[in-house]
Amino acid sequence: MAEVTLKDRLRKAASVVDAGKRSAIVGALAAPLKRWTEPKTPIDHLLIVPPDLRTADPSFWHEMEHGQFGLAGSIAFLRGCSPFVIEPPNAAWARELHGFGWLRNLDATGNEEARTTGRQLALEWTIRFETDRAVPAEPAIIARRLISWLSHANLLLEGADKETYGAITASLGRQLAQLSRSWREAPTGYPRLLALMALAFATLSLAGHDRQIKDIENELASELAWQVLADGGHVTRNPGLLVELLLDLLPLSQCFNARDRKLPERLGEALERMLPMLRYLRLGNGMITRFNGVSCAPAAGLATVLAYDAGSLPQLGEARASNYARLERGDSIVVADVGRPPPLALSASAQAGCLSFEMSVGKQLLFVNGGVPGAASADWYPAARATASHNTLTLAEKSSSRLIVHRKLEALMGAAPIRYPDRVDWRTEEAEGAAVLEASHDGYRRRYELIHSRRLQLSADGAQLAGRDRLDGLSTKVRLRNDLPFAIHFHLLPGTSCGLGAAPNEAIITLADGQRWRFSARGASLAVDESAYFAESAGPRRALQIVLRGVTFGETEVNWLADRIVEETAE
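Residues numbered from 1 in each chain as written. Predicted model: local features only at pLDDT ≥ 70, side-chain atom pairs only at ≥ 80, totals over all residues. Heavy atoms only, no water.

**Some thoughts on the overall build of the chain**
Check the secondary structure of the chain and you find 16 helices and 20 strands. Relative to a compact globule of 571 residues, whose C-alpha radius of gyration would be 25 Å, the chain shows 26 Å and is just as compact. Counting only C-alpha atoms, the chain reaches 80 × 55 × 50 Å along its principal axes. Sorting the 571 residues of the chain into buried and exposed places 56% on the buried side. Long-range contacts, defined as pairs at least 24 residues apart, comprise 70% of the intrachain contacts of the chain with a sequence gap of at least 6. Surface exposure of the chain reaches about 24500 Å², of which carbon and sulfur atoms provide 50%. Between the averaged position of the 65 positive side-chain charges in the chain and that of its 66 negative side-chain charges there is a distance of 5 Å. (Helix = DSSP H or I, 4+ residues; strand = E, 2+ residues; numbered from the N terminus. Rg over C-alpha atoms; globule rule 2.2 N^0.38 Å. Buried < 20%, exposed > 50% of the residue type's maximum accessible area, 1.4 Å probe, protein only. Contact = heavy atoms within 4.5 Å. Areas by Shrake-Rupley, 256 points an atom, 1.4 Å probe, with all protein chains shown as cover. Lys, Arg positive; Asp, Glu negative; His and termini not counted. Charge placed at Lys NZ, Arg CZ, Asp CG, Glu CD.)

If you want it as structure tokens, here you go:
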């Protein structure tokens, strides 16, 4: 059987979208729509309805019926009021409300009352907020709202009365005109790319805008060229953003196919790089690693976008541009962060986890980083970004990166950016069948003149991970005036049990499936302490961690070993 390529899958999906979703509303969209305010071009009709690949939650409607409106990890109680009149629980909740991504949940119910409610809320928005210059007018929010309204045009327009139909379509035109004027004001990075994707969706979906498509294609191609790195990673080094981007770029590519337009070359290239990168960053349980901004694992979205690959794209051998290293032997996988933070303007979600790693054994997670809390637990964000929340070494209770405390920067970026390390070196090799990573960073050099070096060796059968952590000078020996404390952290997933073993400096880890691992160390004292796991939608959870502690006078080496305990069976 001939191999099905990514382009074949996209073309097939586009034909299904074109035949299925467009026919559902062709009657409602046959009449001319109102004209834009600017530019003065009529929207004659909707040519295609873009697919929405994000997973819907029909239970959202049942919660609404009981007066609850849950967005961004927070629940607002309506008490008989519209969500647009109540006080938002937080800024993230307000942004999701005005982005209208929740329309997919109402659309998925098949319930006419739910659909009518969605239409009424869109109509209410056009009355209350169309001239609002605050959150509803942010380019990224306009973009998300445009994509949502276009993708769920059947809900908004099918069966609508003349006045509602006209108000919503006229608003759609004005929002598109507004985004056309303001997309350059979007913050650098993902928000600007989202704005351009929304413009591309709109110009492909709405009749009368073919002359604008080429300009949008060029702008989108330029933005993708620098935001998507050579190995498929995103310039922010946030693995979770790859999933978000693909959930929009894949439907957008289907829109090009549905309009019988050639897929822009750089868009196709970006897709073919990003999908293998996601597989490279995925652990044995199917989830992506918790580095540099990853919060609650987007399980459904990840599975959806990876289904477009289905093995047709070559595996990624090394992520040298994104600076992530992967070791894989037997059923064990280790992924390590071996890179500097992204450029300052893009580092608001970056974490101080240089040389940290995560490890899975089969479908179980052995070592995990803390991840990032959801919007409802934003107070925990600084702690989650700290080096101590990652599986790596901290020196003098300081992180290896520095927060840049600047009120205007924080207001602009949503969080404080970070800097350092300046230099991270790494290489991988094989040694007698084992996979080896050698890496070092200079994050502590400015303050303490010390370099942190780490060696990870995953045995040929995947049953042992041997590690070595060193502190010493860059090229000469360093002798500190005072000894400095250090700690090497190994965080465990909530629910994983761990206790001290029978031998000195030994701990026994028991995973959820019953398998047991022994952890031992030389050169530091071992303790089992409490930890916090942040990457949960319900908020941080208590967990355990193994911590190796000691002091350094300028040259220190700690060796440790995690090995699987093979249970003896009675004959």
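On we go.
**Topic: the sheet that holds strand E7 (residues 393–395)**
What holds strands together in a sheet is hydrogen bonding between their backbones, with the strands either parallel or antiparallel. Taken together, the four strands give an open sheet; going across it, the order is E7-E14-E19-E18, and neighbouring strands pair in antiparallel fashion. Single-partner strands in this sheet number two, and they are E7 and strand E18 (525–533). The average angle at which neighbouring strand axes cross in this sheet is 30 degrees, direction not considered. Where E18 lies against strand E19 (residues 541–552), nine bridges are found, and the strand directions are antiparallel. Note that in E19 the partner of Asp 529 across the bridge is Gln 545. (Pairing = 2+ DSSP bridges. Axes fitted to C-alpha atoms, helices over the stretch in contact; angles between N-to-C directions.)

**Some remarks on the side chain of Ser 531**
Position of Ser 531 relative to the elements: it lies in strand E18. At a separation of 2.7 Å, a polar atom in the side chain of Ser 531 contacts the side chain of His 491. With sequence-adjacent residues up to four places away left out, Ser 531 is seen in contact with His 491, Arg 541, Arg 542, Ala 543, Leu 544 and Gln 545. (Polar contact = N/O pair within 3.5 Å; in protein donor to acceptor, adjacent residues only side chain to side chain.)

**Description of the sheet that holds strand E17 (residues 516–522)**
The strand order across the open sheet formed by eight strands is E10-E11-E12-E13-E20-E17-E16-E15, and the pairing between neighbours is antiparallel. Looking at which strands have only one partner, the edges of the open sheet turn out to be strand E10 (424–431) and strand E15 (497–500). Strand-to-strand twist across the sheet, computed as the mean angle between neighbouring axes with direction ignored, equals 15 degrees. Two elements, strand E12 (residues 451–458) and strand E13 (residues 464–472), share eight bridges in a ladder whose sense is antiparallel. By the bridge assignment, His 452 is partnered in E13 with Leu 471.

**Details of unusual backbone geometry**
Residue Pro 421 follows Tyr 420 across a cis peptide bond; omega there is 0 degrees. Following the sequence through the fold, Pro 421 ends up in the loop between strand E9 (418–419) and E10. With phi around 60 degrees, Glu 397 is a residue other than glycine that occupies positive phi space. Note on placement: Glu 397 falls in the loop between E7 and strand E8 (402–403).

**As for the pairing of E15**
As defined by bridge partners, E15 adjoins strand E16 (residues 506–510) across four bridges and the pair is classed as antiparallel. Its bridge partner lying in E16, Leu 500 is registered against Ala 507. In sequence, E15 turns back onto E16 through a hairpin of five residues, with Asn 505 there showing a positive phi of about 55 degrees.

**So, the packing of aromatic side chains**
Aromatic rings in a pair are described by how distant their centres are and how their planes are angled relative to each other. Counting across every chain of the model gives 19 aromatic pairs. On the basis of an interplanar angle of 80 degrees and a centroid distance of 6.0 Å, the ring pair of Trp 125 and Trp 149 is categorised as edge-to-face. Of the two residues, Trp 125 sits in helix H5 (residues 112–128) while Trp 149 sits in helix H6 (residues 139–151), which places them 24 residues apart along the sequence. For the pair Trp 125 and Trp 149, a shared accessibility class is recorded, and that class is buried. (Phe/Tyr/Trp six-rings, centres within 6.5 Å; stacked < 30°, edge-to-face > 60°.)

**Structural notes on the confidence of the model for the chain**
Residues of the chain with pLDDT of at least 70 account for 92%, and the chain-wide mean is 91. Low pLDDT, under 50, characterises residues 20–44; the predicted model gives this stretch 58 contacts beyond four residues in sequence or across chains. (pLDDT = per-residue confidence, 0-100.)

**Section: the side chain of Arg 144**
Considering the arrangement of structural elements, one finds Arg 144 in helix H6. Taking the relative accessible area as the measure of exposure, Arg 144 reaches 16% and is therefore buried. With near-sequence residues (within four places) excluded, Arg 144 lies in contact with Arg 54, Gly 99, Tyr 190, Leu 194 and Asp 248.

**What about the environment of Ile 508?**
Relative to the elements of secondary structure, Ile 508 occurs in strand E16. The class of Ile 508 is buried, set by a relative accessible area of 17%. The spacing of Ile 508 and Cys 498 is 10 residues in sequence and 5.6 Å in space, taken between C-alpha atoms. Those residues in contact with Ile 508 that lie beyond four places of it in its chain are Ser 497, Cys 498, Gly 499, Gly 501, Arg 516, Trp 517, Arg 518 and Ile 565.

**What about the packing of helix H9 (residues 190–205) against helix H11 (residues 239–258)?**
What describes two packed helices is the angle between their axes and the distance between those same axes. Viewed as axis vectors pointing N to C, H9 and H11 meet at an angle of 20 degrees, and their least axial separation amounts to 10 Å. Classified by the angle between their axes, H9 and H11 sit roughly parallel to one another. The two elements H9 and H11 meet at a crossing, and its hand is left-handed. Of the residues in H11, those touching H9 at Tyr 190, Leu 193, Leu 194, Met 197, Ala 200, Phe 201 and Leu 204 are Leu 241, Glu 244, Leu 245, Asp 248, Leu 249, Pro 251, Leu 252, Cys 255 and Phe 256. The class makeup of the residues in the contact of H9 with H11 is 14 nonpolar, no polar and two charged. (Parallel < 35°, antiparallel > 145°, perpendicular 65-115°, else oblique. Left-handed = near helix turned anticlockwise from the far one by under 90°. Nonpolar A, V, L, I, M, F, W, Y, C, P; charged D, E, K, R; others polar.)

**Some points on the pattern of salt bridges**
Opposite charge on two side chains permits them to pair, given that their charged atoms come into close proximity. What the rule picks out here adds up to 36 salt bridges. For Arg 174, the salt bridge is made with Glu 130, and the minimal N-O distance between the two is 2.2 Å. Here Glu 130 lies in the loop between H5 and H6 and Arg 174 lies in helix H8 (residues 162–182), a separation of 44 residues in the sequence. Given the relative accessible area of 15%, Glu 130 is considered buried. For Glu 328, the salt bridge goes to Arg 326, with nearest N and O atoms at 3.1 Å. By sharing partners, the salt bridges in this structure join Arg 470, Asp 472, Arg 479, Glu 555 and Glu 557 into a single network. (Salt bridge = Lys/Arg side-chain N within 4 Å of Asp/Glu carboxyl O.)

**Topic: H11**
Its 20 residues give H11 an end-to-end C-alpha distance of 29 Å, which sits within 8% of 28 Å, the value for a rise of 1.5 Å per residue. The largest bend in H11 comes to about 25 degrees, at Leu 246. Burial within H11 is extensive, with 19 of its 20 residues counted as buried. At the N-terminal boundary of H11, the capping side chain belongs to Asn 238, with an oxygen 2.9 Å from the backbone nitrogen of Gly 240. Of the residues one or two after H11, Asp 260 is the one with positive phi, at around 55 degrees. (Expected span 1.5 Å × (residues − 1). Bend = angle between axes of the 7 residues up to and from the residue.)

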